[in-house]
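# Overview (structure and organization)
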Amino acid sequence: MPSCGCHSKMQLTGILVNLGICFRGKGFMVTPQQISAGADSVMVLSAAKWHLLRRSVTWGRILLRHESIYPPSSGFEEEEIREKLLAFPGGSVDLVKQDSGIAVLTVNNPSRMNAFSGSMMVELEERVGQLEGWMEGKGLVVQGAAGTFCSGSDLNAVRAISSPQDGVKMCMFMQNTLTRLLRLPLFSVALVEGRALGGGAELTTACDFRLMSPGSVIQFVHKHMGLVPGWGGATRLVGIVGSQNALRMLGGSLKVDPEMGLQTGLADGVLEGSPAEACAFLQAERWLTCYTQGPAPVIRAIKKVVMSGRELPLEASLRAERDVFGTLWGGPANLQVLASKTKHK
Ligand SMILES: CCCC(=O)SCCNC(=O)CCNC(=O)[C@H](O)C(C)(C)COP(=O)(O)OP(=O)(O)OC[C@H]1O[C@@H](n2cnc3c(N)ncnc32)[C@H](O)[C@@H]1OP(=O)(O)O
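Let us look at the structure shown here. Since this is a predicted model, take the numbers as computed values, not measurements.

## A few points about the overall build of the chain
Per the secondary structure count, the chain includes 14 helices and nine strands. The burial tally for the chain puts 50% of its 345 residues in the buried class. When contacts within the chain are restricted to residue pairs at least 6 apart in sequence, those whose partners lie at least 24 apart make up 73%. Accessible surface, the chain as shown: approximately 16,100 Å² in total, 59% of it carbon and sulfur.

## Description of the sheet that holds strand S1 (residues 92-97)
Across the sheet, which stays open at both edges, the six strands sit in the order S1-S2-S3-S4-S6-S9 with mixed pairing between neighbours. Two strands lie at the open edges of the sheet, namely S1 and strand S9 (269-270), each paired on one side alone. The pairing of S1 with strand S2 (residues 102-108) spans six bridges and is classified as antiparallel. Note on S2: the bridge partner recorded for Lys-97 is Ala-103.

## A look at the site of the ligand
Residues in close proximity to the ligand total 18 residues, the closest being Ser-111, Ser-151, Ser-153, Leu-155 and Gly-199. Between an oxygen atom of the ligand and a main-chain N or O atom of Ser-153, the distance comes to 2.9 Å. A distance of 2.8 Å separates a nitrogen atom of the ligand from a polar backbone atom of Leu-155. Burial of the ligand by the surrounding chains reaches 59%, relative to a free accessible area of 970 Å². Counting residues per element, the ones that place at least two in the shell around the ligand are strand S5 (195-197) and helix H8 (199-204). Counted by class, the shell around the ligand contains seven nonpolar, seven polar and four charged residues.

## Some remarks on the pattern of salt bridges
Within the structure shown, the criterion is met by 14 salt bridges. For Arg-112, the salt bridge is made with Asp-154, and the minimal N-O distance between the two is 2.6 Å. Of this pair, Arg-112 sits in the loop between S2 and helix H5 (118-132) while Asp-154 sits in the loop between strand S3 (139-144) and helix H6 (155-160), and the two are 42 residues apart along the sequence. Classification of Arg-112 as partly exposed rests on a relative accessible area of 39%. One continuous salt-bridge network, built from bridges that share partners, spans Glu-78, Glu-79, Arg-82, Glu-125, Glu-132 and Arg-180.

## What to know about the packing of aromatic side chains
Enumeration over the complete set of coordinates arrives at eight aromatic pairs. Relative to Phe-209, the ring of Phe-187 has its centre 6.5 Å away and its plane inclined at 25 degrees; by these criteria the two rings are stacked. Of this pair, Phe-187 sits in strand S4 (residues 187-192) while Phe-209 sits in strand S6 (residues 209-212); the two residues are 22 residues apart in sequence, bridging distant segments of the chain. Just as Phe-187 is buried, Phe-209 falls in that class too. Consider the rings of Phe-187 and Tyr-291, whose centres lie 6.1 Å apart with planes at 5 degrees: the pair is stacked.

## So, unusual backbone geometry
One non-glycine residue, Met-113, adopts positive backbone phi at about 50 degrees. Assignment of secondary structure puts Met-113 in the loop between S2 and H5. Even without a glycine there, the phi angle at Ala-146 is positive, about 55 degrees. As for its position among the elements, Ala-146 is in the loop between S3 and H6.

## Details of the packing of helix H12 (residues 296-311) against helix H13 (residues 314-328)
In the contact formed by H12 and H13, the axes pass within 9 Å of each other and the chain directions differ by 175 degrees. It follows from the interaxial angle that H12 and H13 lie roughly antiparallel. Contacts from Pro-297, Val-298, Ala-301, Lys-304, Val-305, Ser-308 and Gly-309 in H12 reach Ser-317, Ala-320, Glu-321, Val-324 and Leu-328 in H13. Its residues placed into classes, the contact of H12 with H13 shows seven nonpolar, three polar and two charged.

Thresholds applied
- Residues numbered from 1 in each chain as written.
- Predicted model: local features only at pLDDT ≥ 70, side-chain atom pairs only at ≥ 80, totals over all residues.
- Heavy atoms only, no water.
- Helix = DSSP H or I, 4+ residues; strand = E, 2+ residues; numbered from the N terminus.
- Buried < 20%, exposed > 50% of the residue type's maximum accessible area, 1.4 Å probe, protein only.
- Contact = heavy atoms within 4.5 Å.
- Areas by Shrake-Rupley, 256 points an atom, 1.4 Å probe, with all protein chains shown as cover.
- Pairing = 2+ DSSP bridges.
- Near = heavy atom within 4 Å.
- Polar contact = N/O pair within 3.5 Å; in protein donor to acceptor, adjacent residues only side chain to side chain.
- Nonpolar A, V, L, I, M, F, W, Y, C, P; charged D, E, K, R; others polar.
- Salt bridge = Lys/Arg side-chain N within 4 Å of Asp/Glu carboxyl O.
- Phe/Tyr/Trp six-rings, centres within 6.5 Å; stacked < 30°, edge-to-face > 60°.
- Axes fitted to C-alpha atoms, helices over the stretch in contact; angles between N-to-C directions.
- Parallel < 35°, antiparallel > 145°, perpendicular 65-115°, else oblique.

Structure follows, in C-alpha cells:
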C-alpha cells in the first residue's frame, strides 16, 4: 500500500479495511489504491452493515487512540524523518504472502548482518502497511536473511543521525512501525537464528512469539552502546519477561541463549538440531500452524481480542471483545459448526 503521508487517516482506513468495511466520510477518505489493496472487502452498505459499521467504528476509535503513538498534532513529522532515513540506503525488507495465509517478512542485508539501513526502516513501515490490508492473512514469520536475525541499526546511519533530535525522530518512526507490526491481526513469530542484537532484539519483541534456533542469541546491547532501547523494545520486554528479568537483560546486556530464553519466557520454543535455514523456517512455519489453522476471520478475531485485553482498560477491552464477538456470532464459521454434531473431546 503506498504511503499517503497521513498516519491517522491511513491507520483508520486500515482498521476499517481489516474489519471488512470501506467507506467515505467526513474527515477521512479511502483512496482508490487503498480500496484496491483491500478490494475483496469493499461492499455496499446495507442497514445491517451500517449497524456493524457503527459498532466497528466504536472499536476502531478505541484502538485508534492507541494506534497512532505520535499523531501529527504531537509535532512528529513522519515525512521529514522518512526523507532523512532514505538518505541511508542499503538492503531490503522483503515480504511474501503465501496462499496458506502465513506471510514471511525477511530482513535482508547480509553483508551487515542484516542491520537496518535507513531505507530498510522505511520499507519495514511499508510492508507493515501491506500486511494491514491483507484480509486473508492469519500468520507471519519474521526472519533475517542468510541464517542470522538482525544486528540492529546500521551503525553507519547511527553515526550520521547522531543529533538527539534526529535520533528521537528515528525512534518515534520505529516505535510507530513496530507497534503496528505487533497489533496486526495475525499470529506473528520471530524466527531467531544467529544473533538478534540491539534493535534486532527489539524487533523480536514486536512479534507475538519468539522461536530460537540452537546457538542463537538475543542480546539487548544498548547499554554497551551508551543507550537504552528506543524502538519500544524496553516497554514490550517488561510485558514479556517482567521487570526483574528486563532489568537483568538490559542492565547486564545479557546474551540470552535458547535455554535462558525459555527460562525467562523470552523464547516460546527452541527449534531442533539442524542449522539448515530452510529447515528452521519449516519448523517455525509448522509451529505457527498450530495457531493459524482455521478460518481467517476467527484467527484474526482471536488476535484482536487478545490485543484489546493487552492494551485497553478493562471496560474498553470488554466492549471491544463484544464488538469482535458480534462479527463472528452467526457468521459462516459459527453456523457451519452449529450445523454439525460437535463434541470437544
Ligand atoms: C535503537 C537501536 C539501537 C541499535 O540497534 S545500535 C546497533 C547495535 N548493534 C551492534 O552494535 C552490532 C555491531 N556488530 C557486531 O557486534 C558484530 O558485527 C556482530 C553482529 C556480532 C557480528 O560479528 P562477526 O560475526 O565477527 O562479523 P563482523 O563483525 O565481521 O560483521 C560482518 C560485517 O557486518 C557489519 N555489521 C555488523 N553489524 C553491523 C551494524 N549494526 N551496522 C553496520 N554494519 C554492521 C560489520 O561491520 C562487518 O562489515 P565489514 O565486513 O567489516 O565491512
